[in-house]
Amino acid sequence: MASVKSDEMLEQSQLIYIAGASHSGSTLLDLLLGNHSAISGMGEIHRLSLQPETRLCSCGETINNCPYWNKIAHLTAIEFGLPIIKWEEFCVTHIVGTKYLRKFPTALDLGLIAGQMSLLKIGSFLSSDIKKYINMAANSWLLFDVIAKVQKASYVVDSTKSAGRMKVLYLTRPKNTRIIYLVRDGRAVTASAIRRGQQMSQAAKLWQRVNKNLLLMMRTIPQESILTVFYENICRNPEREMRKISAFLNAPYESIMTKLNISKTHNIPGNPMLFEREQEIQIDERWKSQLTSFELKIFDDIAGNLNRHFGYEN
Ligand SMILES: [Zn+2]
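Residues numbered from 1 in each chain as written. Predicted model: local features only at pLDDT ≥ 70, side-chain atom pairs only at ≥ 80, totals over all residues. Heavy atoms only, no water.

Draft legend 1. Region of interest: the overall build of the chain. From N to C terminus, the chain includes 13 helices and five strands. For the chain, the residues scored as buried account for 53% of the 314 residues in total. Restricting the contact set of the chain to residue pairs at least 6 apart, pairs at least 24 apart contribute 79%. For the chain, the exposed surface amounts to about 15100 Å²; the carbon and sulfur share of it is 53%. (Helix = DSSP H or I, 4+ residues; strand = E, 2+ residues; numbered from the N terminus. Buried < 20%, exposed > 50% of the residue type's maximum accessible area, 1.4 Å probe, protein only. Contact = heavy atoms within 4.5 Å. Areas by Shrake-Rupley, 256 points an atom, 1.4 Å probe, with all protein chains shown as cover.)

Dropping the structure here:
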């Protein structure tokens, strides 16, 4: 298995990790951040090794056919001292089972929750999942360094959103990691899931579980490394929110951060449809007309308390 070469390129990049539930507006935020002259938006970077043949880059090509991602693969191979890197074989993701359905935490979960890299390293001798996870994080950071160098950017954005990936990336380089916790009204997120065929009870449980996992994983991360941002606020007042994010990153605000412009990006979206639909920032509140009173009652019974905790009132 490829290992990270320790050379002058390491420890160069700063990561902005967007954490949150799926369908919380992370593609939008990733694109807005990526407009900044010192920030490179990457999208859901874990998809590089999951779906390189089918997933479309924002340039319109599949990952394997995109000239930008081919260039990054070439430069990453040089860093590894390998003749070639195929994204299918380059581990920047490691999915552990059906994580949302597990009742009991694994050794990997416990190590990540405890937030001790030394504990994870000891655990890696006993658990192949932990070993793969640590390797995945090391590979990802090397990739971030390559991308930052190519893009002449100080920051790279990973909008994968999941809690485990967030934590292991943070533990690998805590000083280089900034987390934006993106929150969206659970009723909007579940309405989106229902439009894709899910039941409300299932969607509400998932939204709640993902957010609780994130809150749990963030407990051992210092508050100054985390900024909570609300999707609705970004849509209603993008300038105010992007100024807030700029201050958090200690990067000067640039007015282009409020413009939705994908013409020159090579971003791997969670939801490729967004690129076809969205030309300007518009709040999506279809849930208000689409959810029935019955569905709203189910949501409230399951996840109403957490939604109100975030400030969303009935
Ligand atoms: Zn591309």
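Draft legend 2. Expanded view of the nonpolar core. Ranked by internal contacts, the top residues of the largest apolar core, which has 66 residues, are Trp 69 and Trp 87. Top element by residues in this core is helix 5 (residues 128–151). It accounts for 12 residues. Contacts of Trp 69, omitting those with residues within four sequence positions, involve Met 42, Ile 45, Leu 48, Cys 57, Ile 63, Trp 87, Ile 147, His 266 and Ile 268. Among the nonpolar cores identified, the runner-up in size contains 25 residues, and Leu 28, Leu 32, Leu 227 and Val 229 belong to it. (Core = buried A, V, L, I, M, F, W, Y, C linked by side-chain atoms within 4.5 Å.)

Draft legend 3. Structural detail: the side chain of Lys 161. Note that Lys 161 resides in strand 3 (residues 155–161). The class for Lys 161 is buried, based on a relative accessible area of 5%. For Lys 161, the side chain forms a polar contact with the side chain of Ser 26, separated by 3.1 Å. When near neighbours in sequence (up to four residues on either side) are disregarded, Lys 161 contacts Tyr 17, Ile 18, Ala 19, Gly 20, Ala 21, Ser 22, Ser 26, Glu 44 and Leu 214. (Polar contact = N/O pair within 3.5 Å; in protein donor to acceptor, adjacent residues only side chain to side chain.)

Draft legend 4. Spotlight on unusual backbone geometry. A positive phi angle, close to 50 degrees, is found at Lys 152, a residue other than glycine. Its relative accessible area of 73% is what places Lys 152 among the exposed residues. Residue Lys 161 is not a glycine yet carries a positive backbone phi of 85 degrees.

Draft legend 5. View of the pattern of salt bridges. Summed over all chains, the structure comprises 15 salt bridges. Among the ionic pairs, Arg 173 bridges to Asp 145, the shortest N-O distance being 2.8 Å. One end of the pair, Arg 173, is in the loop between helix 6 (163–172) and strand 4 (177–183); the other, Asp 145, is in helix 5, and 28 residues separate them in sequence. For the pair shown, Arg 173 and Asp 145 are each scored as buried. A salt bridge links Asp 158 to Arg 165, with the shortest nitrogen-to-oxygen separation between them at 2.9 Å. Arg 165 carries the same exposure label as Asp 158, and that label is buried. Among the ionic contacts, a cluster of salt bridges with common partners joins Arg 184, Arg 195, Asp 284 and Arg 286. (Salt bridge = Lys/Arg side-chain N within 4 Å of Asp/Glu carboxyl O.)

Draft legend 6. Molecular detail of the sheet that holds strand 5 (residues 226–230). Pairing within the open sheet is parallel, and its five strands lie in the order 2-3-1-4-5. At either margin of the open sheet sits one strand with a lone partner, and together these are strand 2 (39–43) and strand 5. This sheet shows a mean twist of 25 degrees between the axes of neighbouring strands, independent of strand direction. The strands that helix 1 (residues 26–34) touches are strand 1 (14–19), strand 2, strand 3 and strand 4; relative to strand 2, the one it contacts most, it runs at about 155 degrees. (Pairing = 2+ DSSP bridges. Axes fitted to C-alpha atoms, helices over the stretch in contact; angles between N-to-C directions.)

Draft legend 7. Geometry of the environment of Leu 169. Its place among the elements puts Leu 169 in helix 6. For Leu 169, a relative accessible area of 0% corresponds to the buried category. Sequence separation between Leu 169 and Leu 15 is 154 residues; the distance between their C-alpha atoms is 8.8 Å. When neighbours within four sequence positions are excluded, Leu 169 is seen to be in contact with Leu 15, Tyr 17, Ala 137, Ser 140, Trp 141, Phe 144, Asp 158 and Thr 177.

Draft legend 8. Structural detail: the coordination of the zinc ion. Within the protein, the atoms that donate to the zinc ion are Cys 57 (SG), Cys 59 (SG), Cys 66 (SG) and His 266 (ND1), at distances of 2.1 to 2.4 Å. One can describe the donor arrangement at the zinc ion as tetrahedral, given that its four donor atoms subtend angles of 97 to 123 degrees at the metal. Judged by relative accessible area, which is 34%, Cys 59 ranks as partly exposed. (Donors = N, O, S within 2.8 Å, 3.2 Å for Na, K, Ca; no water. Tetrahedral: all angles 85-135°; square planar, octahedral: opposite > 155°, others 65-115°.)

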